[in-house]
Amino acid sequence: MSGNKMDQHREELDTLNLELLELINKRAALVQEIGKIKVKQGMKKFDPIREREMLNSIVRKNDGPFEDSTIEHIFKEIFKASLELQEDDHRKALLVSRKRKPEDTVISVKGTAIGNGSPQYVMGPCSVESYEQVEHVAKAMKQKGLKLLRGGAFKPRTSPYDFQGLGFEGLQILKDIADKYDLAVISEIVNPAHIEEAEQYLDVIQIGARNMQNFELLKAAGKATKPILLKRGMSATIEEFMKAAEYIISQGNEQIILCERGIRTYEKATRNTLDISAVPILKQETHLPIIVDVTHSTGRRDLLLPAAKAALAIGADGVMAEVHPDPAVALSDSAQQMDIPMFDHFMEELKDLQNRIRTEVPVR
Ligand code: PEP
Ligand code: MN
């Protein structure tokens, strides 16, 4: 007998569920219509005063058994879901996402393609120290057929007493060498007011890990006409990294190269922890090219080559590493830059691996 009653109640519940479903969808459709009117009238979509009035009038009619606070919570969830329906598409799918643009973004830097399946190498000293120092590295790169020269002129140093870089004088050195050897140059800019001027010197503007959430800098980079190399913040999640890139793209600059450079963890054996799985995740989630900085992630010369091999094997679009003619006397990061013979060996090993990957297994 009681089994029968139970079945009956359950049947009633099923019917009520369907009625509720119909009602909340009917409500949602109405909210969408209101959303369209709001857009036409230039009104804000979220109206907290109206929401409060609706909640009050619902709670006033509440006879239980639910508590008022429970009813408020349930209806607030319905309001929130309906508001999300009103939101623009870019809120639902980021402009940097693959959902928005399924095909890979390929960035051309002075004729060199980044993101077309063939890995590129961004090499050069940590800091620009002198014309001769950069030229030394540029010549070695040229011999290896490389095109993308890096070097820091505005150095965001942990201590204010450490070498801060040569500033625009450093950018001028990079530009002179790029012109002489037909290279493209990449350097970090830390001040939004410098972006426009820096475009006269640089082929790619770097935004460093310490500035990944410097939103004014990101917005200024979004208005630049040059590609941006955006490094992952040292404690940034992949989602935060993608949203930082979104700041740039939403201002109109679609030429963004992401750079995984390690994140801070409790591990002390390396300078940072190279989050190698970020590479395939970002390849899946975004349409942007991603390179791996093996110098700042490992902070160890002996790990540069294995980390770079891992980057290529996992599908990175390129590798960044620091090279100095005499690392022992470098003004920054002296413990982890390669000297020229080491760089030569590094490149030979990677080119060899690259050929093997190409002929034996598909990279992705
Ligand atoms: C750099 O590439 O020069 C640099 C300072 O790296 P990061 O911002 O990743 O620390
Ligand atoms: Mn460095």
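Predicted model only: the values in this text are computed from it and were never measured.

Draft legend 1. Looking closely at the coordination of the manganese ion (ligand 2). Summarising the metal site, the manganese ion (ligand 2) is bound by the protein donors Cys126 (SG), His296 (NE2), Glu322 (OE), Glu322 (OE) and Asp333 (OD), whose distances to it range over 2.0 to 2.8 Å. Written as a sequence motif, the donor residues of the manganese ion (ligand 2) are C-x169-H-x25-E-x10-D. Of this pair, His296 sits in helix 11 (residues 294-298) while Asp333 is found in the loop between strand 10 (318-322) and helix 13 (340-360), placing the two residues 37 residues apart along the sequence. Note on accessibility: His296 and Asp333 belong to one class, buried.

Draft legend 2. Structural context of the packing of aromatic side chains. All told, the structure shown has four aromatic pairs when counted by the stated rule. Measuring from ring centre to ring centre gives 5.3 Å for Phe154 and Phe168, while their planes differ by 80°; the resulting arrangement is edge-to-face. In this pair, Phe154 is assigned in the loop between strand 4 (148-150) and helix 6 (168-181) and Phe168 in helix 6, connecting sequence segments 14 residues apart. On the accessibility criterion, Phe154 (13% relative accessible area) is buried. Using a relative accessible area of 22% as the deciding quantity, one classes Phe168 as partly exposed. Between Phe168 and Tyr201, the ring centres sit 5.9 Å apart and the planes meet at 45°, which makes this aromatic pair tilted. Here Phe168, found in helix 6, pairs with Tyr201, found in the loop between helix 7 (195-198) and strand 6 (204-207); they are 33 residues apart in sequence, far enough to count as distant. For Tyr201, a relative accessible area of 16% corresponds to the buried category. Chaining the aromatic ring pairs together yields one cluster made of Phe154, Phe168 and Tyr201.

Draft legend 3. The arrangement of the site of ligand 1 in detail. Lining the immediate environment of ligand 1, one finds Arg150, Lys155, Glu188, Gln206, Gly208, Ala209, Arg210, Lys231, Arg261 and His296. In the environment of ligand 1, an oxygen atom lies 2.8 Å from a nitrogen or oxygen atom belonging to the backbone of Ala209.

Draft legend 4. Quick look at the UniProt feature "coiled-coil region" (unreviewed entry) in the protein. Look at the UniProt record and you will see "coiled-coil region" (unreviewed entry) annotated at residues 6-33. Structurally, residues 6-33 comprises 100% helix and 0% strand, and the distance from its first C-alpha atom to its last is 41 Å.

Draft legend 5. Just the packing of helix 9 (residues 238-249) against helix 10 (residues 278-285), in detail. In the contact formed by helix 9 and helix 10, the axes pass within 11 Å of each other and the chain directions differ by 50°. Our classification of the angle between helix 9 and helix 10 gives oblique. Judged by the twist between their axes, the crossing of helix 9 over helix 10 is right-handed. Residues Ile238, Phe241 and Met242 of helix 9 form the contact with helix 10, whose own contacting residues are Ala278, Ile281, Leu282 and Glu285. Here the contact of helix 9 with helix 10 is built from residues that sort into six nonpolar, no polar and one charged.

Draft legend 6. Here's a closer look at the sheet that holds strand 4. A barrel is described by the order of its strands in space; here eight strands give the closed sequence 3-4-5-6-7-8-9-10, paired in parallel fashion. Here the strands of the sheet are splayed against their neighbours by 25° on average, with no regard to which way each runs. Bridge count between strand 8 (residues 256-260) and strand 9 (residues 290-293): three bridges; the pairing is parallel. By the bridge assignment for strand 9, Leu258 is matched with Ile290.

What counts, and where the lines are drawn
Residues numbered from 1 in each chain as written. Chains lettered and ligands numbered in written order. Predicted model: local features only at pLDDT ≥ 70, side-chain atom pairs only at ≥ 80, totals over all residues. Heavy atoms only, no water. Donors = N, O, S within 2.8 Å, 3.2 Å for Na, K, Ca; no water. Helix = DSSP H or I, 4+ residues; strand = E, 2+ residues; numbered from the N terminus. Buried < 20%, exposed > 50% of the residue type's maximum accessible area, 1.4 Å probe, protein only. Phe/Tyr/Trp six-rings, centres within 6.5 Å; stacked < 30°, edge-to-face > 60°. Near = heavy atom within 4 Å. Polar contact = N/O pair within 3.5 Å; in protein donor to acceptor, adjacent residues only side chain to side chain. UniProt positions renumbered as here; feature names shortened; annotations may be inferred. Axes fitted to C-alpha atoms, helices over the stretch in contact; angles between N-to-C directions. Parallel < 35°, antiparallel > 145°, perpendicular 65-115°, else oblique. Left-handed = near helix turned anticlockwise from the far one by under 90°. Contact = heavy atoms within 4.5 Å. Nonpolar A, V, L, I, M, F, W, Y, C, P; charged D, E, K, R; others polar. Pairing = 2+ DSSP bridges.

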